[in-house]
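Survey of secondary and tertiary structure
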Amino acid sequence: NGLGISSGGQYAYTVTNNSSSKTLAKHDRVTDTTTQTSFTLNSPVLRGAVHPITGVYYFASSTSNNSISLYAWNENVTPQDAVQVGTLRPTSGSSGFGSNGDMAFSASGQLVLVADRYIYSADVPDELTSSTATIDAKQVHDMGAGVQGNGIAFGNLGHIFVSASGGGNRIIEVDLPRGVTVNST
């Protein structure tokens, strides 16, 4: 789980999702090598994305008590390790997080999160310091009743594509700046 691809596609990251003993795998397409690093985390991993500007790999927990723990993989320390950088929570006026979901970064570095039928946006902290402080996640789109958003990615024109189940497996295309669902196939 927690698949993240770096800008330009050189690196792919993922985290195993078994008990508290996790393994982060980083594959380098240029050298065709994969490094694996073990670490301990007492939380399931559901979401992952790489910040397009900083190159930092972020991953997140499943939803618990209407919050999502957000972690960053700090490659600039020895030994490399995960650090919780905050806790995503829906802002006042936003709907609660669903249990399914994924996340991706926009080209400008804004975190976009899908949690079942809703899409949220959030600004991640600049520093990779340990924190459980709230990171506001504002609801920016509702894909409709019964939708279970499972995966999210950006396409051309800045549109968001969500793989969804619930009411039939499909891909939903969202024009977020206009706040409209463009297509559902």
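To start, this report covers the structure provided alongside it. In this numbering scheme, every chain counts its residues from 1 along its sequence in written order. The predicted nature of this model means local features are confined to residues of pLDDT at least 70 and side-chain atom pairs, given and counted, to a pLDDT of 80 or more, with totals for whole chains, interfaces and linings taken over all residues. Heavy atoms throughout the structure, all of them, feed into the side-chain values; hydrogens and water do not.

1. Describing the overall build of the protein
As a reminder of what qualifies: The numbering of helices and of strands both runs from the N terminus, where a helix is a DSSP run of H or I of at least 4 residues and a strand a run of E of at least 2. To get the radius of gyration, use the C-alpha atoms; to get the globule rule, take the number of residues to the power 0.38 and multiply by 2.2 Å. For the exposure calls, accessible area comes from a 1.4 Å probe over protein chains only, and a residue counts as buried if that area is under 20% of its type's maximum, exposed if over 50%, partly exposed in between. When checking whether two residues touch, look at their non-hydrogen atoms; a contact exists if any pair is within 4.5 Å. Residue-level accessible areas treat just the shown protein chains as cover; the underlying method is Shrake-Rupley with a 1.4 Å probe. The convention is simple: Lys and Arg are positive, Asp and Glu are negative, and His and the chain ends are not counted. Where a charge sits is defined by one atom per residue type, namely NZ (Lys), CZ (Arg), CG (Asp) or CD (Glu).
The number of helices and strands found in the protein is zero helices and 16 strands. Compactness check: the protein gives a C-alpha radius of gyration of 16 Å against a globular reference of 16 Å for 185 residues, within 12% of the reference. The principal-axis extent of the C-alpha atoms belonging to the protein is close to 45 × 35 × 30 Å. Of all 185 residues assigned to the protein, the portion counted as buried reaches 45%. Contacts in the protein between residues at least 24 apart in sequence constitute 40% of all its contacts with a sequence separation of at least 6. Of the roughly 9000 Å² of accessible surface on the protein, 46% is carried by carbon and sulfur atoms. Averaged over its 9 positive side-chain charges, the protein has a centre that lies 7 Å from the centre of its 13 negative ones.

2. What about the sheet that holds strand 5 (residues 45-50)?
Rule in force here: A pair of strands counts as paired when DSSP detects no fewer than two bridges linking them. Every angle, taken between N-to-C directions, lies between 0 and 180 degrees, and every axis is a line fitted to C-alpha atoms, over only the stretch in contact when it is a helix.
Overall, mixed pairing links the eight strands, which are arranged 5-6-7-8-12-11-10-9 in an open sheet. If you trace the sheet from one side to the other, it starts and ends with strand 5 and strand 9 (102-105), each paired once. Recorded for the sheet is a direction-independent mean angle of 30 degrees between the axes of neighbouring strands.

3. What about unusual backbone geometry?
Not every positive phi belongs to a glycine, and Asp 32 is a case in point at roughly 55 degrees. The residue Asp 32 is located in the loop between strand 3 (21-28) and strand 4 (33-40) in this model. The backbone of Asp 116 sits at a positive phi, close to 60 degrees, despite the residue not being glycine. Take Asp 116: it is sitting in the loop between strand 10 (111-115) and strand 11 (118-122).

4. Quick word on the environment of Phe 154
Locating Phe 154 in the fold gives a position in strand 13 (residues 148-154). The exposure class assigned to Phe 154 is partly exposed, which follows from its relative accessible area of 32%. Placed 142 residues apart in sequence, Phe 154 and Ala 12 show a C-alpha to C-alpha distance of 16 Å. Setting aside residues up to four positions removed in sequence, Phe 154 forms contacts with Ala 104, Phe 105, Ser 106, Val 112, His 159, Ile 160 and Phe 161.

5. Some thoughts on the nonpolar core
Put simply, the test is: Among the buried residues, those of types Ala, Val, Leu, Ile, Met, Phe, Trp, Tyr and Cys that are joined through side-chain atoms within 4.5 Å form a nonpolar core.
If you look at the biggest cluster of nonpolar residues, it comprises 22 residues, and the most contacted ones within it are Tyr 58, Leu 70, Leu 88, Phe 97 and Met 103. When residues of this core are traced back to their parent elements, those giving at least two are strand 6 (57-61), strand 7 (68-74), strand 8 (81-90), strand 9, strand 10, strand 11 and strand 12 (134-142). Apart from residues no more than four positions distant in its own chain, Phe 97 is found in contact with Thr 63, Asn 66, Ser 67, Ile 68, Leu 88, Arg 89, Pro 90, Leu 113, Ala 115, Tyr 120 and Ala 137. Formed by twelve residues, the second largest nonpolar core is a distinct cluster that contains Ala 104, Val 114, Met 143 and Ile 172.

6. Section: the environment of Asn 18
With respect to the helices, strands and loops of the structure, Asn 18 is situated in the loop between strand 2 (11-15) and strand 3. You can call Asn 18 partly exposed: its relative accessible area is 44%. Along the backbone, Asn 18 and Asp 142 are 124 residues apart, and their C-alpha atoms lie at a distance of 32 Å.

Function cannot be inferred from these measures alone, as they are strictly geometric.
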